[in-house]
Amino acid sequence: MQDLNNEEKLEYYKKHFDEKTDITEEKSILDLQELSTMIKQLNSYIDGTLDLSLTRIDFMISHFIKNFTIILIYELKEDIIIQRSRKFEEENLANPYCFDELSKLLYVPEEKKEYILLGRLNQAKEAIYYASIETDATPIDNISLSEINALEMEYINILSSTIKKSLNVMHIGAFDLLVRKQQLPGWVDSFYETAFNILKDNCDKKKLEYLFDSYIICNAFLADVLKRKGNDRLYDVTSSIAKMLLHDKNTDAIVYESVQVKDAPVIAIKTDIVDNHIEHNQVTCFKIKTNLGYGVYYGDQINKAMIVNNENNLKWEK
């Protein structure tokens, strides 16, 4: 889909939503009831009041994505800055509080994948590269520190990188923003709004308000679970979302809203894409002095290392 121009995309979505809205009102009511029941069951599973098999969770998430979402893969352009933080919790006598290798700030390598725990958008034993995206709204340092729950008096190494080859991404949350009549962020393809309007117009003309309501609650649920505080039951659901979306070889990453900082974008990137599309620029070591909450930190810079040609050994200034 990302290889089509806007005119071709327009024709695709017109045909796609003509087919999606070729149903009776009675069918749309039944679909909405079934979808609502599934969402309630997933929420009960996350809350710990209902048990579901992982196979059942995968089935429901697949049903949501295939039937009640707008799947739009678009390009996240070059030269966007992304950041990733890691707490320093080991000994380095040469450069105190600083990692000596770039690889320690990246994803877990294949030979150590057995140590990878279930995460928000990764299965157990599956590596994914989580990072924050720079915007004008919130300092990116604060976002990446919030994402790892940095605490006062901790030493944090922050890796700053640049997207050097565009990424094919999916955004979760755009539909929910449009329903609430909010403007899409600049890093979301504006054609998403065009596709949204085609669906809405079709539903209005064919008097399928229940079908449109299905899209509303489905996309609200997907956006909501991705920004909830984490636990294993939640991750069973959110990692299933990633499994369904990232299985497409044309999809490089998923963009979604930070759990810790409202409206701040974060990204989960396939590891092989990181190796070929991301250039790492520098690592900065901070000591956290104050955490005011809501993504606001104060700290002292301890040291800084520049990275040349993505070399693994970090050369710190002090």
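Not measured: the values here are computed from a predicted model.

Each value, and the rule that gives it
Residues numbered from 1 in each chain as written. Predicted model: local features only at pLDDT ≥ 70, side-chain atom pairs only at ≥ 80, totals over all residues. Heavy atoms only, no water. Salt bridge = Lys/Arg side-chain N within 4 Å of Asp/Glu carboxyl O. Buried < 20%, exposed > 50% of the residue type's maximum accessible area, 1.4 Å probe, protein only. Pairing = 2+ DSSP bridges. Helix = DSSP H or I, 4+ residues; strand = E, 2+ residues; numbered from the N terminus. Contact = heavy atoms within 4.5 Å. Axes fitted to C-alpha atoms, helices over the stretch in contact; angles between N-to-C directions. Core = buried A, V, L, I, M, F, W, Y, C linked by side-chain atoms within 4.5 Å. Parallel < 35°, antiparallel > 145°, perpendicular 65-115°, else oblique. Left-handed = near helix turned anticlockwise from the far one by under 90°. Lys, Arg positive; Asp, Glu negative; His and termini not counted. Polar contact = N/O pair within 3.5 Å; in protein donor to acceptor, adjacent residues only side chain to side chain.

Draft legend 1. Just the pattern of salt bridges, in detail. Under the definition given, this model contains 14 salt bridges. Between D100 and K104 there is a salt bridge; the shortest N-O distance is 3.2 Å. Since its relative accessible area comes to 27%, K104 is described here as partly exposed. Within this structure, E90, D100 and K104 form a network of salt bridges that share partners.

Draft legend 2. Structural context of the sheet that holds strand β2 (residues 81-87). In spatial order, the strands read β1-β5-β6-β7-β3-β2-β4-β8-β9-β10; together these ten strands make up an open sheet with mixed pairing. At either margin of the open sheet sits one strand with a lone partner, and together these are β1 (74-76) and β10 (315-316). Here nine bridges tie strand β4 (residues 155-163) to strand β8 (residues 278-293), and the two strands are oriented antiparallel to one another. Its bridge partner lying in β8, Y155 is registered against K287. Helix α4 (residues 140-147) contacts β2, β3 (129-133), β4, β7 (265-269), β8 and β9 (296-306) of the sheet and is inclined by roughly 40° relative to β2.

Draft legend 3. The nonpolar core, seen in detail. Core analysis: the largest hydrophobic core is formed by 91 residues, its most contacted members being F64, I267 and I269. The element contributing the most residues to this core is helix α7 (residues 209-226), with eight residues. Excluding its chain neighbours within four sequence positions, the residues that come into contact with I267 are L76, Y129, Y130, A131, I133, L167, V169, A253, I254, V255 and Y256. Ranked by size, the runner-up nonpolar core spans seven residues in total, among them L145, I156, I158 and F286.

Draft legend 4. Geometry of the packing of helix α3 (residues 54-68) against α7. Between α3 and α7, the least distance of the axes is 10 Å, while the angle of their chain directions is 130°. When the interaxial angle is binned, α3 and α7 end up oblique. For the pair α3 and α7, the sense of crossing is left-handed. Residues I61, F64, N67 and F68 of α3 lie in contact with α7, whose contacting residues are L211, S214, Y215, C218, N219, F221 and L222.

Draft legend 5. Inspection of the side chain of R120 at higher detail. Its place among the elements puts R120 in the loop between β2 and β3. One buried charged residue, R120, remains without a salt bridge, the closest side chain of opposite sign being E147 at 6.1 Å. Among the polar contacts listed, one links the side chain of R120 to the backbone oxygen of L226, at a separation of 3.1 Å. Among the polar contacts made by the side chain of R120, one reaches the main-chain carbonyl oxygen of R228 at a distance of 2.8 Å.

Draft legend 6. Geometry of unusual backbone geometry. A positive phi angle, close to 75°, is found at D79, a residue other than glycine. Following the sequence through the fold, D79 ends up in the loop between β1 and β2. If you check the backbone angles, K125 has positive phi at about 65° while not being a glycine. Its place among the elements puts K125 in the loop between β2 and β3.

Draft legend 7. Broad picture of the packing of helix α1 (residues 6-20) against helix α6 (residues 191-205). Where α1 meets α6, the closest approach of the two axes is 10 Å, and the angle between their N-to-C directions is 30°. One element, α1, and the other, α6, form an angle in the roughly parallel class. Seen along the crossing, α1 lies across α6 with a hand that is right-handed. For the pair α1 and α6, the contacting residues are N6, K9, L10, Y13, K14, F17 and D18 in the first and F191, T194, A195, I198, L199 and N202 in the second.

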